[in-house]
Amino acid sequence: MEPFTDLPRVRSDSVSSSVSQGSRSKMLLRQRLSQLLTCIDDMSSDDEASEEVSRTLDEAFQLCGRFIPTDAFRLHIVTWNVATAEPPEDVTSLLQLDVQPPADLYVIGLQEVNATPVRFISDLLAEDAWSHVFMDTLAPRGFVKVTSMRMQGLLLLVFAKQLHLPFIRNIQATYTRTGFFGYWGNKGGVTVRFSFYGHMVCFLNCHLAAHMNYALQRVDEIEYILETQDLDLSDTPHVRDHKAVFWFGDLNFRIADHGLHFLRSSINSGRLNLLWNKDQLTMMKKTEAFLQEFEEGPLNFKPTYKFDRNSETYDTSPPRTWFGFTGKKRKPAWTDRILWRIKPKTFPSEDEDEKASTSSDEGVDEYPLLVTQDKYTSDMSYGASDHKPVIATFSLELKKCFDTPLVHVSPLGVWSADQEALLNYTVQEDFLSSTWDWIGLYKVGFKSAFDYETFVWVREEDLPEINEVIQLHVDKDEIPLLSGHYVLGYYSTNMKSIIGLSADFQILESKRAVMEGLVPENINGLNQ
């Protein structure tokens, strides 16, 4: 049974994120349409009526246009407490790769990734096994790892379609420990934020305190994380300063009061709504103002904790005993959650309102961001952990603040390992460039900004002028011997991102490839 499947999608936006603002915008629109109807009823001359209708319609449609962004992107978020398990071989279902339309951004938050000292140190030296699985799955489909953040068992990964890379800027990651009085990172939050086509968005992956009786501690922990995480940009120094925040993870909130039998009976009969009012996070939102700023879709999926591993059966383990005290089976709970928050609009005071003109532009965000949750569910097919992964998909509708890459880069002439290659780059807009910036040669399907075949430093002497064309040489010994499709990418060390990408181009097979035996020699049409 799947109750409430016909519920409308959950939408919020940066323009009408409060009741008062939404009402005001609707009132303005109604006024314009009312004027239109009035002038039609009171027509005194065809010419005058036509002019008045045209003017009023223009105003109404301009008002509507202010609230309807021009581009839509799909965001896919996964949260999963993997309980130190190794990754499954196939994560296609988790990423819903066959769903149309495809995602533009993937954000994956994991908790309890194996963080024993030896494993953690090895993961610092190379990508961890979970990152490898997601990169190996997404790279062939044109997704590139934008960044990641790790704090012991907490891991946050962000992937984007290759075409979006030049428009993802100001990337920053940070973390906050809350375990053992803030000294241990087994609990806490890791954050990644960046500008997406000029809109500042933030992703926060948390693992909060466990056990039924620690609901207030969990609230204190997330409030501490939100208030103390410092980020560099002056206009977004804290998490809640961003236009959109997505908060997810093993938040560890439990279902209070109900006994184990009632919980399982309600779940098995599909009457999940009987449990909602005793969900601790739902209860806490009624009293905590800062939690009320976060939205969440309906919990129309089974509680995702605690399961016997490799099954869809809730905990059947025998009660454990510590020092003569008998433990209990874990009750099912919605511990794993995905919420989001749109930055509330700041309104002028009443005095400022009186002084302001009555323009229809008053209080309107020139670059609004609409967030609509399209899906909120769990995937019961994964059994490596005692938690089930939770998935949410969103539509991000926005007006791009810019659509021109900061740098234009392109190959020149024929590229092969038989000769030195040339490339051009041009800075198209001013940015904080550095002589430590570089241009990488990437094979199509590359996994991250550092998955290059070779690279060259940008010009070392003077920083480039706007629209100045700069030519660089690539040594033939650095060029791949075999043919293939590649792109050039300009990497900014200050922005920590690729801010310019060339179109795909082909590197031709080198004569040296035959000489070195990498490909068979072709004699009279026959491979030897």
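Residues numbered from 1 in each chain as written. Predicted model: local features only at pLDDT ≥ 70, side-chain atom pairs only at ≥ 80, totals over all residues. Heavy atoms only, no water.

The name that an unreviewed UniProt entry assigns to the protein is Inositol polyphosphate-5-phosphatase K, with the source organism given as Gasterosteus aculeatus aculeatus. Entered under Sequence similarities (unreviewed entry) in the UniProt record, the comment concerning the protein runs "Belongs to the inositol 1,4,5-trisphosphate 5-phosphatase type II family." (UniProt positions renumbered as here; feature names shortened; annotations may be inferred.)

A. Spotlight on the nonpolar core. Membership of the largest hydrophobic core comes to 58 residues, with the highest contact counts inside it found for Leu-75, Ile-77, Phe-194, Phe-196, Phe-203, Phe-246 and Phe-394. Top element by residues in this core is strand β14 (residues 390–398). It accounts for 5 residues. Setting aside its immediate chain neighbours within four residues, Phe-194 contacts Val-158, Ile-168, Arg-169, Asn-170, Ile-171, His-199, Met-200, Val-201 and Phe-203. Formed by 28 residues, the second largest nonpolar core is a distinct cluster that contains Trp-415, Phe-431, Ile-470 and Leu-472. (Core = buried A, V, L, I, M, F, W, Y, C linked by side-chain atoms within 4.5 Å. Buried < 20%, exposed > 50% of the residue type's maximum accessible area, 1.4 Å probe, protein only. Helix = DSSP H or I, 4+ residues; strand = E, 2+ residues; numbered from the N terminus. Contact = heavy atoms within 4.5 Å.)

B. The environment of Trp-457, seen in detail. Relative to the elements of secondary structure, Trp-457 occurs in strand β18 (residues 454–457). According to the relative accessible area criterion, Trp-457 is partly exposed, its value standing at 36%. Sequence spacing of Trp-457 and Asp-437 is 20 residues, and the spatial spacing of their C-alpha atoms is 6.2 Å.

C. Geometry of the sheet that holds strand β15 (residues 407–412). The strand order across the open sheet formed by 3 strands is β15-β16-β19, and the pairing between neighbours is antiparallel. Each end of this open sheet is capped by a strand with a single partner; those strands are β15 and β19 (469–474). The average undirected angle you get between the axes of adjacent strands in this sheet is 25°. (Pairing = 2+ DSSP bridges. Axes fitted to C-alpha atoms, helices over the stretch in contact; angles between N-to-C directions.)

D. Molecular detail of the confidence of the model for the protein. Here the protein averages 85 in pLDDT, while 77% of its residues score no lower than 70. Confidence drops under pLDDT 50 across residues 1–8; counting only partners more than four residues distant or on other chains, this segment forms 9 contacts. In this model residues 523–528 is a low-confidence stretch, pLDDT under 50, and it forms 7 contacts with partners more than four residues away in sequence or in other chains. (pLDDT = per-residue confidence, 0-100.)

E. Layout of a negative patch on the surface. Residues Glu-460, Glu-461, Asp-462 and Glu-465 make up a contiguous surface patch of negative charge. Within the secondary structure layout, Asp-462 lies in the loop between β18 and β19. For Asp-462, a relative accessible area of 54% corresponds to the exposed category. (Patch = residues over 30% accessible without salt bridge, like charges linked within 9 Å, V, L, I, M, F, W, Y side chains within 5 Å. Areas by Shrake-Rupley, 256 points an atom, 1.4 Å probe, with all protein chains shown as cover. Salt bridge = Lys/Arg side-chain N within 4 Å of Asp/Glu carboxyl O. Lys, Arg positive; Asp, Glu negative; His and termini not counted. Charge placed at Lys NZ, Arg CZ, Asp CG, Glu CD.)

F. Spatial organisation of helix α5 (residues 129–138). Where burial is concerned, most of α5 is hidden: 7 out of the 10 residues are buried. Residues of α5 that are buried include every one of Trp-130, Ser-131, Val-133, Phe-134, Met-135, Thr-137 and Leu-138, and no others. Those residues of α5 that are buried are in contact with β2 (71–81), α3 (92–95), β3 (105–111), β4 (143–151) and β5 (154–161). Two to three positions downstream of the cap, the backbone nitrogen of Trp-130 sits 3.0 Å from a side-chain oxygen, assigning the N-cap of α5 to Asp-128. (Polar contact = N/O pair within 3.5 Å; in protein donor to acceptor, adjacent residues only side chain to side chain.)

G. Fine view of the pattern of salt bridges. Applying the stated criterion to the full structure yields 10 salt bridges. For Asp-104, the salt bridge identified is with Lys-161, shortest N-O distance 3.8 Å. Separated by 57 residues along the polypeptide, Asp-104 in the loop between α3 and β3 and Lys-161 in strand β5 bring together distant segments of the chain. For Asp-257, the salt bridge is made with Lys-278, and the minimal N-O distance between the two is 2.9 Å.

H. View of unusual backbone geometry. Put simply, Gln-100 and Pro-101 share a cis peptide bond, and its omega is -5°. By the element assignment, Pro-101 lies in the loop between α3 and β3. That bond from Tyr-305 to Lys-306 is cis: its omega, 0°, falls within 30 degrees of zero. Tracing the backbone through its elements, the reader meets Lys-306 in the loop between α10 (289–292) and β10 (321–322). One non-glycine residue, His-211, lies in the positive phi region at around 85°. When its relative accessible area of 41% is taken as the criterion, His-211 is described as partly exposed.

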